[in-house]
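Working through the structure, step by step
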Amino acid sequence: MSLALTPLPRRVAALTPALPVVAVPALLALPVMPEGAGPADVISGLVVVYCVIRLLRERRRPLSPVAAVVLGLPVVGLALAAMGAFSPEAGLTGLGRYLQTFVLVPAAVVLLLRDRAGFRMVAWSFVGLGLCQGAVGVHQFVTRTGASYQGANIRAVGTFGAHDVMGMATAVSLGLVCAVGIALGRLSLRQRVAAAGCALVLLLPLALSFSRGAWIATVLTCTMQLVLAGWRRALKVAGAAVAAGVILVGGFGVGSALLQQRIDSIAQVADAPDQSVVDRYTLWAAATDIWRQHPLTGVGLKGFPEYRDGHATLALSSGSETDGAGMVYQRQPLLSPHNMYLLVLSEQGLIGLLGLAGSWLALLVCGMRRLLRVRDRGPGLDCGLAACGLLVWLLTDFVYGDIGGPATVLIAVSMGLVAWWALAGEPRADAPRAEVREPAEEALAR
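Here's a quick rundown of the structure. Keep in mind that this is a model prediction, so the values were computed, not measured.

Thresholds applied
- Residues numbered from 1 in each chain as written.
- Predicted model: local features only at pLDDT ≥ 70, side-chain atom pairs only at ≥ 80, totals over all residues.
- Heavy atoms only, no water.
- Helix = DSSP H or I, 4+ residues; strand = E, 2+ residues; numbered from the N terminus.
- Buried < 20%, exposed > 50% of the residue type's maximum accessible area, 1.4 Å probe, protein only.
- Areas by Shrake-Rupley, 256 points an atom, 1.4 Å probe, with all protein chains shown as cover.
- Expected span 1.5 Å × (residues − 1).
- Contact = heavy atoms within 4.5 Å.
- Axes fitted to C-alpha atoms, helices over the stretch in contact; angles between N-to-C directions.
- Parallel < 35°, antiparallel > 145°, perpendicular 65-115°, else oblique.
- Nonpolar A, V, L, I, M, F, W, Y, C, P; charged D, E, K, R; others polar.
- Patch = residues over 30% accessible without salt bridge, like charges linked within 9 Å, V, L, I, M, F, W, Y side chains within 5 Å.
- Salt bridge = Lys/Arg side-chain N within 4 Å of Asp/Glu carboxyl O.
- Phe/Tyr/Trp six-rings, centres within 6.5 Å; stacked < 30°, edge-to-face > 60°.
- Lys NZ or Arg CZ within 6 Å of the ring centre and 35° of its normal.
- Left-handed = near helix turned anticlockwise from the far one by under 90°.
- Arc of directions from axis to C-beta.

Counting its regular elements, the protein chain contains 19 helices and 4 strands. Here the protein chain, with 446 residues, has 51% of them falling under the buried criterion. Accessible surface, the protein chain as shown: approximately 20200 Å² in total, 66% of it carbon and sulfur.

To continue, consider the environment of Leu 112. Relative to the helices and strands, Leu 112 resides in helix H6 (residues 88-112). In this structure the C-alpha to C-alpha distance between Leu 112 and Val 21, which are 91 residues apart in sequence, comes to 8.2 Å.

Helix length check: helix H13 (residues 275-293), at 19 residues, gives a terminal C-alpha distance of 27 Å against a target of 27 Å (1.5 Å per residue), a fit within 8%. When we look at burial in H13, the residues that qualify are Val 277, Asp 279, Thr 282, Leu 283, Trp 284, Ala 286, Ala 287 and Ile 290. Those residues of H13 that are buried are in contact with helix H10 (212-229), helix H14 (304-308) and helix H15 (340-374).

Let us look at the packing of helix H8 (residues 165-183) against H10. Following both chains from N to C, one finds H8 and H10 inclined at 10°, their axes separated by 10 Å at the closest point. Accordingly, the angle class assigned to the pair H8 and H10 is roughly parallel. Contacts between H8 and H10 pair Ala 169, Ser 173, Leu 176, Val 177, Val 180 and Gly 181 from the former with Ala 214, Thr 218, Thr 221, Cys 222 and Gln 225 from the latter. Counted by class, the contact of H8 with H10 contains 6 nonpolar, 5 polar and no charged residues.

On the surface, Val 76, Leu 80, Met 83, Leu 296, Leu 350, Ile 351 and Leu 354 cluster together into a nonpolar patch covering about 670 Å² of accessible area. Elements supplying a minimum of two residues to the nonpolar patch: helix H5 (74-83) and H15. Position of Leu 354 relative to the elements: it lies in helix H15. When its relative accessible area of 62% is taken as the criterion, Leu 354 is described as exposed.

This part covers the packing of aromatic side chains. Under the criterion given, the structure shown has 8 aromatic pairs. Relative to Phe 102, the ring of Tyr 98 has its centre 6.2 Å away and its plane inclined at 35°; by these criteria the two rings are tilted. Of the two residues, Tyr 98 and Phe 102 are both situated in helix H6; the distance of 4 residues between them amounts to about one turn of the helix. Of the two residues, Tyr 98 and Phe 102, neither departs from the other in class, the shared state being buried. For the pair Tyr 149 and Phe 210, a centre-to-centre distance of 4.4 Å together with 10° between the ring planes defines the contact as stacked. Residue Tyr 149 is found in strand S1 (residues 147-149), and its partner Phe 210 is found in the loop between helix H9 (189-208) and H10; the two are separated by 61 residues along the sequence. Judged by its relative accessible area of 8%, Tyr 149 falls in the buried class. Taken together, the aromatic side chains of Tyr 98, Phe 102, Tyr 341, Trp 360 and Phe 398 make up a single cluster linked through ring pairs. Its guanidinium or amino end placed over the ring of Trp 421, Arg 370 lies 4.0 Å from that ring's centre, counting from NZ or CZ.

Our next topic: the packing of H15 against helix H16 (residues 381-397). Interaxial distance between H15 and H16 falls to 10 Å at its minimum, and their mutual angle equals 160°. By the angle between their axes, H15 is roughly antiparallel relative to H16. Crossing angle aside, the handedness with which H15 passes H16 is left-handed. Across from Tyr 341, Trp 360, Leu 363, Leu 364, Gly 367, Met 368, Leu 371 and Val 374 in H15, the residues of H16 making contact are Leu 381, Gly 384, Leu 385, Cys 388, Leu 391, Val 392 and Leu 395. When grouped by side-chain class, the residues that make up the contact of H15 with H16 number 13 nonpolar, 2 polar and no charged.

Let us now look at the pattern of salt bridges. Side-chain pairs of opposite charge can arise whenever the charged atoms involved come near each other. Summed over the entire model, instances satisfying the criterion amount to 3 salt bridges. The shortest N-O distance in the salt bridge between Asp 41 and Arg 97 comes to 2.8 Å. Here Arg 97 lies in helix H6 and Asp 41 lies in helix H3 (residues 39-58), a separation of 56 residues in the sequence. Residue Asp 382 is joined to Arg 120 by a salt bridge in which the shortest nitrogen-to-oxygen separation is 2.6 Å. You can see Asp 382 sitting in helix H16 and its partner Arg 120 sitting in helix H7 (residues 116-143), a full 262 residues away along the chain. You can call Asp 382 buried: its relative accessible area is 2%.

Between its first and last C-alpha, H3 extends 28 Å over 20 residues, near the 28 Å set by a 1.5 Å rise per residue. Among all positions in H3, only Ala 40, Asp 41, Ser 44, Val 47, Val 48, Cys 51, Arg 54 and Leu 55 are buried. Down the axis of H3, the sector holding all buried residues measures 140°, keeping them to one side. What points out from H3, more than 90 degrees from its buried face, is the exposed set Leu 56 and Arg 57. Where H3 terminates, the next one or two residues include Arg 59, which has phi positive at roughly 50°.

These figures come from the coordinates and say nothing about function on their own.
Next up, the structure:
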């Protein structure tokens, strides 16, 4: 009796290549290492290798010329900045991180996702990661086992620890953006209700992260998603969000005084800024001064810490204080300007910034153009809202932060989802018809 392998159904076969991509946010739900590459970083590298192997085995066409140009724009500036680094080790390390985040992993995601179902599976994994990290963060707030905030260990940081207070805020925010995009789409009622419920639940850990940058980016992004989805849906979702906020903060008193104080501090950045805002302004000024002296190619990758003290004023503190969440008290040195655009400008110069920003702008224009085409009747509205929302969130958050830490690999996968929607979101000509048709979505659109 001969044994034969039963071929997988077409729908399952189409989703299989996306499973390694889903593994990246899944592994970020585990406790992370303070330094070095974690499991999610290792898996992201294996995703790239897996993608190359599949391309060779299936002899499939690689990226389209447009996608190759858009994703490859940052390479020239990165190569020049790597050669200009103060040490070969710093240049290679920085080059690998940037290529991983903005070139290699996004390209692999574009090639591995076969249809909108694969996109949604990855988007739901973002929501799941946000819920897992958010649950840990809320538990930290309730039990006072989080990171130190104003003398109390109440700041929700998830499994990222006190050394990376932005990690959980990033994971929760990106999960919330994906949930809002799915809820505003034209999928089945069950999926939309589930996504809306997840989005409301994620509001609490986002608030307890006390991250002003994440708050601002999330509010702007969700507002954009609501406006693009239509004013009726915008009013419904906005009303539900306000009701949830009133219940959580007003009804149960969840950190209301601290949240109000933190919100008020956003408007006090000019009148009476706290030390964190002073440090940020000082670092921004130092990065700008560094760029003025090295306008074209910058000081090289990983070069900002080496030049910082020569350009910063005495207002800069010696470092940020970290405590709680299972860590002992320590001061972390301020090794970046906490602004992605100024970090690129100071280390890579105008050439590097034009390459990276040009790639992001091309993705934004292509993604928004396709979203507007499908907004009224076309399929994939939820994918477009989620993808464009992820990019808008990242571009806004880059004003207040930069890459670094375990959550960077999540940014890489987000860029891949954005690139898939903007550059390769249309069904491929060689894809089986069963992979392209989505009867439930088309019926809802009609």
